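# Structural features, examined
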Amino acid sequence: MARRRVKSNFTKKLVLLILALLTITLTFYACSLKEDDQEEVQEDVEVVNEDEQQQETPEPEVVEEEEEVVETEEEEIEEEPYFLETVEVDSNGYPLVDNGLPEEPTVIDGVLIASKVFPLPKTYNPGESKEARAAFERMAADAKKEGIPLHAFSTFRSYDYQVGLYDRYVKRDGQAAADTYSARPGYSEHQTGLAFDIGAVGEEGHYARNSFATTKAGIWVRDNAHRYGFIMRYPEGKEHITGYMYESWHFRYVGETIASDIYKRGITLEQYLGLIE
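Looking at an unreviewed UniProt entry, one finds the protein named D-alanyl-D-alanine carboxypeptidase family protein and attributed to Savagea faecisuis.

Structure below.
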């Protein structure tokens, strides 16, 4: 009887040990599954966060691009040609702030302009315009039919030529006076090759004088030059706009369409280009 009881106790202990081991194994397995599930959940959260960041990130980039476009448009607006009223000038029409001569000539709406506000480069040396010369010859031929022998006594002048001419006038009359009728070097419209000083053969006494306006030739050119593409560049009563005194002999080639419009409206080249009211 004693041996069976010992064997029975041993069997019970063995069974309990096996049950304990099974319990521990099952508990460990359950914990492992729980940790795996948590890791999968964490990975899912990270993936969602990455997706949200990818969806949200492009929006500020688009806004930044739009802001850059706006800034570019504002810069372009600032670079548009300015009105002459915004430029401070001295009593003779030259800017108070001398920025020197530009590297390129100024062309506005397809029209080359040379004035006290828009000078030409020192190296600009196109010579006399062939197109302007051809237009003048047509005008002279038609004027001759009416007994008016026109002559262009001064057309293209280089920068260097204008230096000598202007200096001579300054020495004779002083700079203040010279600035009213002679352009400083680089500021002369004659340097464009499009300006023609016109007179009549045999009437040299009226050359570069406003008495030309009272002659038959002066009246004819005043009334007909636009038909050939020329405008009186410095008309009477427009001195405050052009910066130069009235010159009845100085004509500028701009083409027939523009010249006819300017003539009919009674305005200057500055007004036509919208540089001044």
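There's more to say after this.
### Observations concerning the overall build of the protein
For the protein, the count of helices and strands is nine helices and six strands. Across the 277 residues that make up the protein, the buried fraction comes to 35%. By sequence separation, contacts in the protein at least 24 residues apart represent 67% of the contacts at least 6 residues apart. When the accessible surface of the protein is summed, it comes to about 17,800 Å², and 53% of that surface belongs to carbon and sulfur atoms.

### Some details on helix α4 (residues 159-173)
The end-to-end C-alpha separation of α4 is 21 Å, in line with the 21 Å expected for 15 residues at 1.5 Å each. Three or more residues of α4 are buried, namely Tyr159, Gln162, Leu165 and Tyr166. The buried residues of α4 occupy one face: seen down the axis, they fall within an arc of 120°. More than 90 degrees from the buried face of α4, the exposed residues found are Asp160, Lys171 and Arg172.

### A closer look at the pairing of strand β4 (residues 195-200)
Burial analysis of β4 places six of its six residues in the buried class, the great majority of the element. Of the two faces of β4, both are covered, the one formed by Ala195, Asp197 and Gly199 as well as the one formed by Phe196, Ile198 and Ala200. Note that β4 and strand β6 (residues 247-253) share three bridges and pair antiparallel. Residue pairing for β6: Ala195 is matched across the bridge by Arg252.

### Some thoughts on the layout of surface pockets
The volume enclosed by the largest pocket comes to roughly 470 Å³. Taken together, 25 residues form the lining of the largest pocket, with Arg157, Tyr169, Tyr181, Asp197 and Glu247 sitting closest to its centre. Contributing elements (two or more residues each) for the lining of the largest pocket: β3 (150-154), α4 and β6. At four residues, α4 tops the list of elements feeding residues into the lining of the largest pocket. Tallied by class, the residues present in the lining of the largest pocket amount to 13 nonpolar, seven polar and five charged.

### A look at the environment of Ala135
Its place among the elements puts Ala135 in helix α3 (residues 130-144). On a C-alpha basis, the gap between Ala135 and Arg227 in space is 9.4 Å, while along the polypeptide they are 92 residues apart. With residues near it in sequence (within four places) discarded, Ala135 still touches Tyr228, Phe230 and Tyr253.

### Some remarks on the sheet that holds strand β5 (residues 230-234)
The strand order across the open sheet built from four strands is β3-β4-β6-β5, with neighbouring strands paired in antiparallel fashion. The strands lining the two open edges of the sheet, one partner per strand, are β3 and β5. Each strand of the sheet is rotated relative to its neighbour by a mean of 50°, with strand direction disregarded. Strand direction decides the pairing type here: β5 and β6, joined by four bridges, are antiparallel. Bridging from a neighbouring strand, Tyr234 pairs with Glu247 of β6. Across the sheet, α3 touches β3, β4, β5 and β6, and the angle it forms with β3 is around 145°. Against the sheet, helix α6 (residues 216-224) touches β3, β4, β5 and β6, its axis set at about 85° to β3.

The rules behind these values
Residues numbered from 1 in each chain as written. Predicted model: local features only at pLDDT ≥ 70, side-chain atom pairs only at ≥ 80, totals over all residues. Heavy atoms only, no water. Helix = DSSP H or I, 4+ residues; strand = E, 2+ residues; numbered from the N terminus. Buried < 20%, exposed > 50% of the residue type's maximum accessible area, 1.4 Å probe, protein only. Contact = heavy atoms within 4.5 Å. Areas by Shrake-Rupley, 256 points an atom, 1.4 Å probe, with all protein chains shown as cover. Expected span 1.5 Å × (residues − 1). Arc of directions from axis to C-beta. Pairing = 2+ DSSP bridges. 1 Å grid on protein atoms, 1.4 Å probe; cavity = no way out; pocket = protein on both sides within 12 Å on 5 of 7 lines; lining within 4 Å. Points joined across faces, edges and corners; volume = space filled by probe spheres on them. Nonpolar A, V, L, I, M, F, W, Y, C, P; charged D, E, K, R; others polar. Axes fitted to C-alpha atoms, helices over the stretch in contact; angles between N-to-C directions.

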